[in-house]
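# Coordinate analysis (summary)
Each chain is listed here by its residues.
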Amino acid sequence: MDAMFNNIADKLRQKFSKTVVFAFVGESGTGKSYHAKILAEENKIEAIIDDGLLIQDEKIIAGRSAKREKTYMGAVRVALFDDKDHRDSVAKVLRKTKIKRLLIIGTSEKMVTKIAIRLQLPQPQKIIHIEDVATPEEIEKAKKSRHVEGKHVIPVPSIEVKKKYPQIFSDSMREFFSNHNIFKIKSKGRLMEKSIVQPEFSKKGRLEISEAALTQMTMHCVTECDPEIKVKKITIKKDSRGYKLIVTIDVPFGTQLTGKVHRLQQHIIDKIEMCTNILIEEVNIVIDKISMDKKDSTETKVKEN
């Protein structure tokens, strides 16, 4: 039902909106903001949505930057336009300016889709991945700059960032782009300036939690969702962005699996992120056993992402 509703809503947005949306997707810290301006020029894109900001003509015209947040989870929520006032203010400016071609930057296609829906925009007509425009060496260099040095890029001149976010401004970079670069733009070369910033959450590093505490919180979430579900095993994986959980469970016979598992996944994510400010990237539920009764059971393997 939700998928059908979203499909109908998107068709209506496509019908009444003249904005053509592009998506620029890549893992966090791979250089998307660094490449965004030249990518926009190549595709004649007028404006960019990046980390909570609406940028047009090298100026921040709406929104607020995720990079000013003091916690990593706070930054994620700003980038996703979780706050109603934030997304409504940006959507209002989008309608007023009547931007025809817009680039949304995100860490995944799912994230870009969510941003488009929240800003009342059509879904992207073209999705560009960071690997399409950057070499492996450039991506690796960007990752080092992000994860080792804590540096982030905002695709606007330094004067804009200094004016709005002086507390996080670090440096600026100017590069000359010509028709000899990897994008092969058929126009005269010119200077493009970007700003380097260092957010508070980057300076302080990622908030971490012990596996024992995370396991206990997950078990509590499962019990809250359905006391009859039995947790058999919890596997925790951690990367530079956050945590991935694999929760193996037994469920009673007759349980409506699809709806139940989806609600359980979302409850675990929402509850842990709200209580700890850490990022739960993914929760996979593995149903190991469907219990028939005390004397009989059937073994099944079901994995729902």
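Residues numbered from 1 in each chain as written. Predicted model: local features only at pLDDT ≥ 70, side-chain atom pairs only at ≥ 80, totals over all residues. Heavy atoms only, no water.

### A word on the overall build of the protein chain
Heads up, the condition is: Numbering of helices and strands runs from the N terminus; a helix is a DSSP stretch of H or I covering at least four residues, while a strand is a stretch of E covering at least two. Each residue's exposure class comes from its accessible area (1.4 Å probe, protein chains only) as a fraction of the maximum for that residue type: buried when under 20%, exposed when over 50%, partly exposed otherwise. Working rule for contacts: check all heavy atoms of both residues, and any pair within 4.5 Å makes them a contact. With residues, only the protein chains shown are counted as cover, and all accessible areas are computed by Shrake-Rupley using a 1.4 Å probe.
Helix and strand content of the protein chain: 11 helices and 13 strands. Across the 305 residues that make up the protein chain, the buried fraction comes to 45%. Here the analysis covers contacts within the protein chain between residues at least 6 apart in sequence; of these, 68% occur between residues at least 24 apart. Carbon and sulfur atoms form 51% of the exposed surface of the protein chain, whose accessible area is close to 17000 Å².

### Concerning the nonpolar core
Keep this limit in mind: By nonpolar core we mean a set of buried residues, namely Ala, Val, Leu, Ile, Met, Phe, Trp, Tyr and Cys, connected to one another through side-chain atoms within 4.5 Å.
Ranked by size, the top nonpolar core spans 28 residues in total, and within it I49, L54, L102 and I104 carry the most contacts. Among the elements of the structure, strand 1 (20-25), strand 2 (47-50), helix 3 (72-79), helix 4 (84-97), strand 5 (101-106) and helix 5 (109-118) are those that each provide at least two residues to this core. For this core, the element with the highest residue contribution is helix 3, accounting for six residues. Once residues lying within four places of it in the same chain are set aside, the contact partners of I49 are L54, F81, V90, L102, L103, I104, I105, I115 and L119. In terms of nonpolar packing, the next biggest core, distinct from the first, is built from 23 residues, C221, L245, V251 and I290 among them.

### With respect to the sheet that holds strand 3 (residues 53-56)
Just so we agree on the cut-off: Strand pairing is defined by DSSP finding a minimum of two bridges between the two strands. Comment: axis = line fitted to C-alpha atoms, over the contacting stretch for helices; angle = value between 0 and 180 degrees taken between N-to-C directions.
Ordered in space as 4-3-2-5-1-6, the six strands form an open sheet in which the pairing is mixed. Each end of this open sheet is capped by a strand with a single partner; those strands are strand 4 (59-63) and strand 6 (126-129). Strand-to-strand twist in this sheet, taken as the mean axis angle between neighbours without regard to direction, amounts to 25°. Examined bridge by bridge, strand 3 and strand 4 share four bridges and lie antiparallel to one another. Bridge assignment links L54 to a residue of strand 4, and that residue is A62.

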